[in-house]
Amino acid sequence: MTTPTESTTAVTANATRVLVLNSGSSSVKYQLLDMRDRSRLAVGLVERIGEETSRLVHTPLTGGAEKRERTGPIADHAAALKAVADELTHDGLGLDSPELAAIGHRVVHGGLRFTEPTVITEEVLAEVERLVPVAPLHNPANIAGIRTARALRPDLPQVAVFDTAFHTTMPESAARYAIDVETADAHRIRRYGFHGTSHAYVSRRTAALLGKEPSEVNVIVLHLGNGASASAVAGGRCVETSMGLTPLEGLVMGTRSGDIDPAVTFHLKRVAGMSADEIDELLNKKSGLMGLCGDNDMREIRRRIDEGDERARLAFDIYIHRLKKYIGAYYAVLGRVDAIAFTAGVGENAAPVREAAVAGLEELGLVVDADLNAVRSAEPRLISPNYARVAVAVVPTDEELEIAQQTFALVAPEGV
Ligand code: ADP
């Protein structure tokens, strides 16, 4: 499945750097890492691609160089990547360096075919294109980033790391919707799940925090960023996750509704006269915390709650209620839970969310220690008291490091 047919995977011993690219519809985020010590050499972001006010922010992390920023039109992903390449060259970290081993690309949808990181060939790209109908917002941007990077360095191994890959171990009972099988199969309708790179990294890191192998522990991972998803990981393998055919299903998110009766969409079409695109926009961009209270940033919502704002309070309560339902459901799916791990922007930073999500679940062995929960740290840590039956952990995610590691493992299997 991952057999390369075009690019060579052999890299020389001094090629230890990996450039990680995360190409969105109007942005490219990047990090250059050195896999000898997993250090970052440079990080940056190009945003508002295609607009007059595009912006590139580049932060070199070696040699004492300063953060650089430039604004002005950047027409497309090709122009964006060339601008990034120029910035890296300026710091002596150019894409032509013999120390660059590979480029690792985040690809959102790998369908059922891509269960592992995969060296990119024309055939692989064609398959990623075939998946555009199930990931219309994401895969086209990922493809644009890959095509541009391949044009810049056609000789360099480039690897796709799929958001869906970690979830391909889900049993059919979890992955299938209860709809007509022929219709589902004809249109590749099933639950794929997303944020897989984060769920993989955080579940492994949580096992390490407990001093165990991933195969020894059952973990519920709560990835709570602007997008949010939960997963149930049994012995290192994902058995259930909350996002489905698209990232819309599951938890209440910053701007997405999460779970909803599908009949709401028929109702909006038939009674409110909305088009499919308008409903899509409503549920993906104008719902969730934003739709409920007009803010999607948990910091702002907490501030408003402290001032006695009722709408912000209700939005928070709905968010927590859904989260709690998923914790209970995944507890039942796993049977035995060793740890619950909070990660991403909200999960790592919002102590009130963590406290509220497990409040009242003492009978399930879930307790949060208020003092430990209040500690702010970038390190993985436990926030449950020693006596608790289930560990509650905060484990900062690092999708770029995970992509770099998976990419490097594929192109330099001997390591450094
Ligand atoms: P994504 O990668 O999905 O865009 P992140 O994982 O970066 O999102 O999370 C962004 C969200 O994290 C913000 O919208 C905000 O709600 C939340 N967040 C960030 N910092 C804090 C904080 N200090 N306290 C509470 N919430 C925070």
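**Q** Tell me what's going on with the nonpolar core, and back it up with residues and numbers.
**A** One finds Leu-222, Leu-224, Met-298, Tyr-319, Ile-340, Val-353 and Leu-366 to be the most contacted residues of the largest nonpolar core, which totals 44 residues. Those elements that provide at least two residues to this core are strand E9 (218-224), strand E10 (228-234), helix H9 (288-293), helix H10 (298-306), helix H11 (310-334), strand E12 (339-343), helix H13 (351-358) and strand E14 (391-394). Take this core: its biggest share by element is 11 residues, from H11. Residues within four places of Ile-340 in sequence aside, it is in contact with Ile-220, Leu-222, Ile-327, Leu-366, Val-390, Ala-391, Val-392 and Ala-393. In terms of nonpolar packing, the next biggest core, distinct from the first, is built from 34 residues, Val-20, Ala-175, Val-395 and Phe-408 among them.

**Q** How would you sum up the sheet that holds strand E4 (residues 55-60)? Please name residues and give values.
**A** In spatial order, the strands read E5-E4-E3-E2-E1-E6-E8-E7; together these eight strands make up an open sheet with mixed pairing. Of all strands in the sheet, those bounded by a partner on one side alone are strand E5 (68-71) and strand E7 (118-119). When strand E1 (residues 17-23) meets strand E6 (residues 100-107), the two strands line up parallel, connected through five bridges. Directly across from Val-20, in E6, lies its bridge partner Gly-104.

**Q** Lay out the site of the ligand in plain terms, naming residues and giving numbers.
**A** Near the ligand you find 13 residues, and of these Asn-226, Met-298, Arg-299, Gly-345 and Asn-349 are the closest. Between the ligand and Asn-226 there is a distance of 3.0 Å, counted from an oxygen atom to a backbone nitrogen or oxygen. For the ligand, an oxygen atom lies 2.9 Å from a polar atom in the backbone of Gly-345. Within the complex, the protein chains bury 67% of what would otherwise be the 580 Å² of accessible surface of the ligand. At four residues, helix H12 (residues 344-349) tops the list of elements feeding residues into the shell around the ligand.

**Q** Residue-level account of the sheet that holds E10, with values.
**A** In space, the six strands of this open sheet follow the order E11-E10-E9-E12-E14-E13, with mixed pairing throughout. Edge positions in the sheet fall to strand E11 (237-241) and strand E13 (381-382), since each of these pairs with one other strand and no more. The strands touched by helix H6 (residues 196-209) within the sheet are E9, E10, E11, E12, E13 and E14, with E9 carrying the most contacts at an inclination of about 130°. Set on the sheet, H13 makes contact with E9, E12, E13 and E14; between it and E12 the angle comes to about 150°.

**Q** Can you tell me about helix H1 (residues 77-90), naming the residues and giving the values?
**A** Its 14 residues place the ends of H1 20 Å apart at the C-alpha level, agreeing with the 20 Å of an ideal helix rising 1.5 Å per residue. Along H1, the residues classified as buried are His-77, Ala-80, Leu-81, Ala-83, Val-84, Ala-85, Glu-87 and Leu-88. Buried residues belonging to H1 abut E1, strand E2 (28-34), strand E3 (39-47), E4, E5 and helix H3 (139-152). At the exit of H1 stands Gly-92, carrying a positive phi of roughly 75°.

**Q** An account of the side chain of Asp-338 is needed here, citing residue identities and associated values.
**A** Looking at the element boundaries, Asp-338 is found in the loop between H11 and E12. A distance of 2.6 Å separates polar atoms of two side chains, one belonging to Asp-338 and the other to Arg-336. Ignoring any residue separated from it by four or fewer positions in sequence, one finds Asp-338 in contact with Leu-210, Glu-216, Val-217, Asn-218, Val-390 and Ala-391.

What counts and how
Residues numbered from 1 in each chain as written. Predicted model: local features only at pLDDT ≥ 70, side-chain atom pairs only at ≥ 80, totals over all residues. Heavy atoms only, no water. Core = buried A, V, L, I, M, F, W, Y, C linked by side-chain atoms within 4.5 Å. Buried < 20%, exposed > 50% of the residue type's maximum accessible area, 1.4 Å probe, protein only. Helix = DSSP H or I, 4+ residues; strand = E, 2+ residues; numbered from the N terminus. Contact = heavy atoms within 4.5 Å. Pairing = 2+ DSSP bridges. Near = heavy atom within 4 Å. Polar contact = N/O pair within 3.5 Å; in protein donor to acceptor, adjacent residues only side chain to side chain. Areas by Shrake-Rupley, 256 points an atom, 1.4 Å probe, with all protein chains shown as cover. Axes fitted to C-alpha atoms, helices over the stretch in contact; angles between N-to-C directions. Expected span 1.5 Å × (residues − 1).

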